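# Notes for the structure review
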Amino acid sequence: QVQLVESGGGLVQPGGSLRLSCVVSGRLFSINALAWYRQTPGNQREWVASIGTNGRTNYADFVKDRFTISRDNARNTVYLQMTSLKPEDTAVYYCNDDTRGRVFGSWGQGTQVTVSS
């Protein structure tokens, strides 16, 4: 079973930056597109950004030009560099494959990001 472990979240002031990391166990990492999602209480998990096996990236409009997704296949790790953070970015952030977990078959515990002064 694939295990996903997110880290790097925390409390940051508006305008600040954070870098999230997600380590994915197993051989599926390098052959799949990856994504970051986020969820706030009472709301559905929403897609934030994706990166293909060729490195091509896509972003939700609400994070475009502020967040950058990247991957390191040698470390089975996907990253999300977040800059110019806003209070509305407050959420639990998760990584997974770009089909919302249909390939990996599980979710990690997520990492909490809180943007507040």
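These remarks concern the structure in this document. Every chain begins its residue count from 1, and numbering advances along the sequence as written. In keeping with the predicted nature of the model, local features appear solely for residues at pLDDT of at least 70, side-chain atom pairs appear and are counted solely at 80 or more, and the whole-chain, interface and lining totals rest on all residues. Neither water nor hydrogens contribute to the side-chain values; these are computed over all heavy atoms in the structure.

## Regarding the overall build of the protein chain
Looking only at helices and strands, one finds 0 helices and 10 strands in the protein chain. Written out in order from the N terminus, the α and β elements of the protein chain read β-β-β-β-β-β-β-β-β-β. Rg of the C-alpha trace for the protein chain: 13 Å, near the compact-globule value of 13 Å for 117 residues, within the 12% margin. Dimensions of the protein chain along its principal axes, counting C-alpha atoms only, are 40 × 25 × 20 Å. Sorting the 117 residues of the protein chain into buried and exposed places 46% on the buried side. Any two residues whose heavy atoms approach within 4.5 Å at even a single point are treated as in contact. For the protein chain, the proportion of contacts with a sequence separation of at least 24, taken over those separated by at least 6, is 55%. Accessible surface, the protein chain: about 6,100 Å² in total, of which carbon and sulfur atoms supply 45%. In this tally Asp and Glu are treated as negative and Lys and Arg as positive; neither His nor the chain ends contributes. A charged residue contributes its charge at one atom only: NZ of Lys, CZ of Arg, CG of Asp or CD of Glu. Computed over 12 positive and 9 negative side-chain charges, the inter-centroid distance for the protein chain is 4 Å. Put simply, DSSP marks the helices as runs of H or I at least four residues long and the strands as runs of E at least two long, and each gets a number from the N terminus on. Here the globule rule is a power law, 2.2 Å times the number of residues to the power 0.38, and the radius of gyration is based on C-alpha atoms. Think of it in three bands: residues with accessible area under 20% of the maximum for their type are buried, residues over 50% are exposed, and the middle band is partly exposed, with areas taken using a 1.4 Å probe on protein chains only. Values of accessible area rely on a 1.4 Å probe in the Shrake-Rupley scheme; residue burial ignores everything except the protein chains shown.

## Examining the sheet that holds strand E1 (residues 4-7)
Strand order in the open sheet formed by 4 strands is E1-E3-E8-E7, and the pairing between neighbours is antiparallel. Edge positions in the sheet fall to E1 and strand E7 (67-72), since each of these pairs with one other strand and no more. Averaged over neighbouring strand pairs, the angle between their axes works out to 15° when direction is ignored. Should DSSP find at least two bridges between two strands, the strands are taken to pair. Across 4 bridges, the pairing between E1 and strand E3 (residues 18-24) is antiparallel. Within E3, the residue paired with glutamate 6 across the bridge is cysteine 22. Inter-axis angles, ranging from 0 to 180 degrees, are taken between N-to-C directions of lines fitted to C-alpha atoms, where helices are fitted over the stretch in contact.

## Let's talk about the pairing of strand E4 (residues 34-39)
With 5 of its 6 residues buried, E4 lies for the most part within the structure. Pairing of E4 with strand E5 (residues 46-51) involves 5 bridges; the strand directions are antiparallel. Bridge pairing links alanine 35 to serine 50 in E5. Hairpin connection, E4 to E5: the antiparallel pair is bridged by 6 residues, and glycine 42 has positive phi, about 80°. Across 6 bridges, the pairing between E4 and strand E9 (residues 91-97) is antiparallel. The partner of tryptophan 36 across the bridge, within E9, is cysteine 95.

## Focus: unusual backbone geometry
At serine 84, a position not held by glycine, the phi torsion is positive, near 50°. Relative to the elements of secondary structure, serine 84 occurs in the loop between strand E8 (77-82) and E9. The backbone of arginine 100 shows a phi angle near 60°, a positive value even though the residue is not glycine. Take arginine 100: it is sitting in the loop between E9 and strand E10 (111-115).

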